Amino acid sequence: MRLPRWWRPPRAEENLEKELQFDLEMAVQDRIARGETPEKARQSVLHEFGNVALVKEVTRDVWGSQWFEAFLQDTRFGLRMLRKNPGVTAIIVLTLALGIGANTAIFSVVNGVLLRPLPYRDPNRLVILSEGTKQRPDMSVSFPNYRDWTVQSRSFEQLAAFGPAIFNLTSYGRAERIQGRVVSSGFLATLGVRPIRGRDFQPEEDQAGAPPAAILSYGLWQRLGGDEQLVGQTLTLSGMSCTVVGILPQNFRFYYGQPEILFPLGQAMDRDQATKRDNHSSLYVVGRVRLAVSLGQARAEMNAIARSLEQAYPETNSGHHITVATIHQDLLGDIQPVLLVLFAGAGFVLLIACANVANLLLARATSREKEIMLRQALGASPARIFRQLLTESLLLCMLGGGCGILMAVWGVDSLLALVPRGVPRLNEVRLDAVVFGFALVISLLTGLLFGLAPAWEALRGRFGSQLKVIGRGSGESPRKRRLRSVLVVSEVALAVILLVGAGLSARSFLRLLTVQPGFDPKNVLTLQILLEDRKYDDPAQAEAFFRRLIEGMEVIPGVRSAATATPLVLSGQGRQDDFYVEGWPVPQRGEFPNSDYHMIDSGYFRTMAISLIRGRIFDESDRADSQLVVIINQTMAERFWPSTDPIGKRMRIGSPDNMSSWLKIVGVVGDVKQYGLDRDTRTQFYLPFTQRPLRYRTLLVRTTREPTSLTSAVRSKVEEIDKDQPIFNVRTLESMLSETMAPRLTAFVLLGLFSSLALLLAAVGIYGVLSYTVSQRTSEFGLRMALGAQRQDILRLVLGEGWRLALAGVVAGLLGAIFLTRFMSSVLYGVAPTDPGTFVGVALGLGCVALFACYVPARRATRIEPTVALRYE
């Protein structure tokens, strides 16, 4: 590609080919002098240098080297000019470093979480399937339905089911709690993953009654010694002698709970799970879409299958639909808007920094007009000056980019400390080649962006003409003044948009802090316990274990009360079931009301500090052989018994064809935020463990001091009852509440930081323009004052110019914010994207900052002495 003539180096290209021809002749003569015949020497030289096309290519290479030499010359001169003005250079580099560093740090998170492909084969073809109804839009899959999907669907290469599992691994004389997954035999093949040792599950192993088998994670394998011979040996897993058949790769990731062990699904299910279509016990399905099938076609087919199953099994599948979503979409649905908003905020900071730097370079270019005029007089074309100024801009941006990367290295760690722990793929965030490439690209782009304005002035050849008409103390040209004003208005507008976004985020977060969770999270320690079914197969044994455990907790010094429950609030888990209220019309199939429910013991409400509104809590009279009882929350009472007392009323739970016996309502308690403070309150009811014993529970301990200080004492009490019983997921309730608020806190803190930086840069931009204007118009102000103008007149003149710029920027920013803040609606709580209070507050606040930025140079203008100023003329 031929470069434009104005970019060519001083040496003419057409002369280079003649010189090359001369070099070829000299090479021939050299070979003749060494004893070769002229013909052989010429052939050897042509063979070495190639044909004419190669000679032309060499010509271009040599010309390119000349161009490179010219570039080095520009670079050396640019470095000298930057070193000549260290203060301005440092300000520009620091400004760019802040913008580039913020963008690089945010991009590293966006890249690691959103952009980097999932570590599977063809991850875009992997989908997650779940069932749902109008009342329960997202619920797990029943195993019989999954089995029919595998037979009837044609859109998928393979479907595989998986579900949660917890095991007690007994090894080396100690019990260890292991988080695992129960999976069907095609699970790893569907993901495109192969064990690095051993093999995958065989179909015959995915059957009830088959010999127990397991696949271990790489980390668990290493903890067990990393023995190559472990495959084929047996481990004691929840009381079972289990054969290890494979080892997962070290980089294996499964984002729905990283498993330490995989176990065949068919061996883990009980009879109800395997046969009942209304049993939705935390089973989900992963599928790989065929190459020739789109996601829309797969959804259409699965909805057709759902309608077919509804006709075949109306008593269990009435109103069911099937949700099909890519794994990427399903994983990142909640966090994606937050990260994109933060990335946009960082981008706005960079644009403001670019505008500020462009203003500084315009002022610097004006101060160099005599230098540039002299270079033009000596023969430099405007294009040559354009190239020089653009090279200096690129040098500045590369220096700023280097410092920005250093800031990003520190900023990523700080950013990860703010991002909530539950964000998927957070451990994959790193400063890799992609992130450094991004930093390099935005450094080059910003160099071009902020360097074009002053360099374009040179290209137009206006410097020399300006010097013919301006005197020693004169101001800059009107065109350049307008350009500088446009840059300041743009800075202010971008700052307003950022400030509005930060204000909305702040109001949303403060509104969230006022929401009452319905319980007291302070000084509550939580931990989970799963009793082995082989050891505690009798429900009475499990109930006796937990009764002894609670009694043991209450004698520990510093413990006020203890209780057990499942599921735990704020854990992200929930249990739902259909129900029917006595006296109401019987709903159609698929339209039964649905509610969250909890299994608890009698001390739960006291330990959690949940208020009792009416009736009573569970007590010793609620036994397995007594009247079944239930406690409901206030929302449920108001919705189904709006004008009467629900105490003594009855309800039933379960599917329409498998309803439980009548439950008597004995109490009404306050509402509890089960899934987070920003989620709507759902209907809830509570059932006692004494009437429905469970082996898997969460222990809650309310303490009088810092909860984690009692972890060892709690663990010791568990071991006193059963030395082989491990505990896991030890956490405080306050930390869990904080994690549910962490995404909004992250947005609030970072947007606040970005907007503060934007406000500072905008104020500096206004101050810089007015300060430069005052310095350029010194003689004008002196003349005005010599002709009778008062200092108040000069003050109003300068303030008016600054206020016009600020007002234009505020108006443009508010209009932009009205449009852009609509994209923030998913990350706001209790605040409209166009909240008038936020918009007015930002306008007034930025107006005050702009007034201060205008006042300082305006005050300096009033102190100009007319006699001193007129000397410039």
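Up top is the structure these notes are about.
This write-up is about the structure you can find in this document. This structure is a prediction, so every number in the text was calculated from the model and none was measured.

Structural notes on the overall build of the protein
Across its full length, the protein holds 27 helices and 21 strands. In the protein, which comprises 873 residues, the proportion classed as buried is 51%. Of the contacts made within the protein by residues no fewer than 6 positions apart, 81% connect residues no fewer than 24 positions apart. Accessible surface computed for the protein: about 40,500 Å², of which carbon and sulfur atoms make up 57%.

Looking at unusual backbone geometry
In this chain, Thr566 is followed by Pro567 through a cis amide linkage whose omega measures -5°. Note that Pro567 resides in the loop between strand E12 (559-566) and strand E13 (576-581). Positive phi, normally seen in glycine, also occurs at Asp122, with a value near 45°. A positive phi is found at Ala609, a non-glycine position, where the angle reads about 60°. If you trace the backbone, Ala609 turns up in the loop between helix H20 (604-608) and strand E15 (612-615). Under the relative-accessibility criterion, Ala609 is labelled partly exposed at 39%.

What about the nonpolar core?
Counting residues in hydrophobic clusters, the biggest one holds 94 residues, and the most contacted among them are Val113, Phe187, Leu191 and Ile766. Among the elements that take part in this core, helix H23 (residues 733-776) stands out by supplying 13 residues, more than any other. Once residues within four sequence positions are removed from consideration, Phe187 is found in contact with Ala160, Ala161, Phe162, Phe254, Leu262 and Val286. Grouped together as the second largest cluster of nonpolar side chains are 40 residues, Leu129, Phe143, Tyr146 and Leu265 included.

Observations concerning the packing of helix H5 (residues 143-152) against helix H10 (residues 295-312)
Two numbers describe how H5 lies on H10: the axes approach to 11 Å, and their chain directions differ by 125°. Here H10 runs oblique to H5, going by the angle between their axes. Handedness of the H5/H10 crossing: right-handed. Contact residues: Asn145, Asp148, Trp149 and Gln152 in H5; Glu301, Met302, Ile305, Ser308 and Leu309 in H10. For the contact of H5 with H10, the residue count by class is four nonpolar, three polar and two charged.

Re the pairing of strand E9 (residues 284-289)
With five of six residues buried, E9 lies mostly within the body of the structure. Bridge count between strand E1 (residues 126-132) and E9: four bridges; the pairing is antiparallel. Residue Ile128 lies in a different strand from E9, and its bridge partner there is Val286.

Scoring rules and cut-offs
Residues numbered from 1 in each chain as written. Predicted model: local features only at pLDDT ≥ 70, side-chain atom pairs only at ≥ 80, totals over all residues. Heavy atoms only, no water. Helix = DSSP H or I, 4+ residues; strand = E, 2+ residues; numbered from the N terminus. Buried < 20%, exposed > 50% of the residue type's maximum accessible area, 1.4 Å probe, protein only. Contact = heavy atoms within 4.5 Å. Areas by Shrake-Rupley, 256 points an atom, 1.4 Å probe, with all protein chains shown as cover. Core = buried A, V, L, I, M, F, W, Y, C linked by side-chain atoms within 4.5 Å. Axes fitted to C-alpha atoms, helices over the stretch in contact; angles between N-to-C directions. Parallel < 35°, antiparallel > 145°, perpendicular 65-115°, else oblique. Left-handed = near helix turned anticlockwise from the far one by under 90°. Nonpolar A, V, L, I, M, F, W, Y, C, P; charged D, E, K, R; others polar. Pairing = 2+ DSSP bridges.

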